[in-house]
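Structural characterization, general
Letter by letter, the chains look like this.
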Amino acid sequence: MGYKLDLDNPITLNEKINWLKLYDRKDLHTTVADKFKVRDYIKSKIGEQYLVPLLFQSDNPKELLPENLPDIPFIIKANHDSSGGQIVKNKADINWKKIQQQFKKRLKENYFYSSREWQYKNIKPTIIAEKLLTDKNEKIPFDYKIHCFNGKVRMIQVDIDRNSDSHYRNWYNAKWEREPYKWSSSKGNGKYTDPSDYEIDRPDTLDNMIQLSEKLSEDFIYVRVDWYDVDGKLYFGELTFHHDGGTSPILPKEWDENLGKQLLLTI
């Protein structure tokens, strides 16, 4: 990161995210970090119309069989980690024995011990499959990630063409104006999810996205609320409490401090 972590007097946003890892621990964090249990929370908080259709749930990897799953594209996930999922567009193309072994291994892992994000520690592992969201052109929709500070939207992260070499990440404020920094993640090939050199149209659902995000964030100091906009219909993605684990530089680096000063640690 290029500077020493100060947990006694955290100033930058990344420092405060690491401070929150250690000192902001509630049972509600565990409930909503669980990709299965969070569904009930979303249903009660804003309504089930925002949930991605659930197609399968089991604690037993051996039940991952084509006859137990529908004939539409879907994604298989573990509920208790942050490792993405297995996209299935055609069941006939899948090595189901390999998938079973993969999820058997994942269910035995506790993501807390690698991430030190406490909310994952006590989640009971299970497997879920959800409908694969695609737009009218059969493309994966943009990923809108709403970063909320003390119950209010501070910035909006838009991930474009995820899982591709052209994965860009743009940053906007609530008025859909570009932010003057980047907070990029490594793609693992020496490249980063830097902002694009072209603009993204303001989504028609933005006002609703902001309103719902602030409702979902009212119980938390800092949270990232993820959304998908599929041809004008909003779907909830997940709640994340420690973006990139608090270990991705914000550049120019003075913005790490500028943003940090705007987040109040109210414990």
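Note that the structure is predicted; figures quoted are calculated from it, not measured.

Put simply, the largest pocket is a space of about 1400 Å³. Broken down by element, the residue count for the lining of the largest pocket peaks at 5 residues, all from strand β9 (residues 233-240). Of the residues assigned to the lining of the largest pocket, the class counts are 17 nonpolar, 15 polar and 18 charged. Of the volumes computed, that of the second largest pocket is approximately 370 Å³. Around the second largest pocket sit 17 residues that line it, and D135, F142, Y144, D229 and D231 are the ones nearest its centre. For the lining of the second largest pocket, the residue count by class is 6 nonpolar, 2 polar and 9 charged.

This structure, assessed with the given rule, holds 1 cavity of 30 Å³ or more. Of the volumes computed, that of the largest cavity is approximately 60 Å³. Around the largest cavity, the lining residues are L20, K21, D24, R25, H29, W118, Q119, Y222, F241 and H242. Split into classes, the residues belonging to the lining of the largest cavity amount to 4 nonpolar, 3 polar and 3 charged.

Time to look at the pattern of salt bridges. For the structure shown, the criterion picks out 20 salt bridges. Between K152 and E214 there is a salt bridge; the shortest N-O distance is 3.9 Å. With K152 in strand β6 (residues 152-160) and E214 in helix α6 (residues 206-216), this pair connects stretches of sequence that are 62 residues apart. Linked by salt bridges that have partners in common, D143, K145, R224, D226 and E238 make up one network.

The biggest cluster of nonpolar side chains holds 30 residues, and the ones touching the most others in it are V225 and W227. Of all the elements in the fold, those that place two or more residues in this core are α3 (38-45), β5 (143-149), β6, α6, β8 (222-230) and β9. If you tally residues by element for this core, the top one is α6, at 5 residues. Ignoring anything within four residues of it in the chain, the contact list for V225 reads Y144, K145, I146, C148, S213, L216, F236, E238 and L239.

The rules behind the values
- Residues numbered from 1 in each chain as written.
- Predicted model: local features only at pLDDT ≥ 70, side-chain atom pairs only at ≥ 80, totals over all residues.
- Heavy atoms only, no water.
- 1 Å grid on protein atoms, 1.4 Å probe; cavity = no way out; pocket = protein on both sides within 12 Å on 5 of 7 lines; lining within 4 Å.
- Points joined across faces, edges and corners; volume = space filled by probe spheres on them.
- Helix = DSSP H or I, 4+ residues; strand = E, 2+ residues; numbered from the N terminus.
- Nonpolar A, V, L, I, M, F, W, Y, C, P; charged D, E, K, R; others polar.
- Salt bridge = Lys/Arg side-chain N within 4 Å of Asp/Glu carboxyl O.
- Core = buried A, V, L, I, M, F, W, Y, C linked by side-chain atoms within 4.5 Å.
- Buried < 20%, exposed > 50% of the residue type's maximum accessible area, 1.4 Å probe, protein only.
- Contact = heavy atoms within 4.5 Å.

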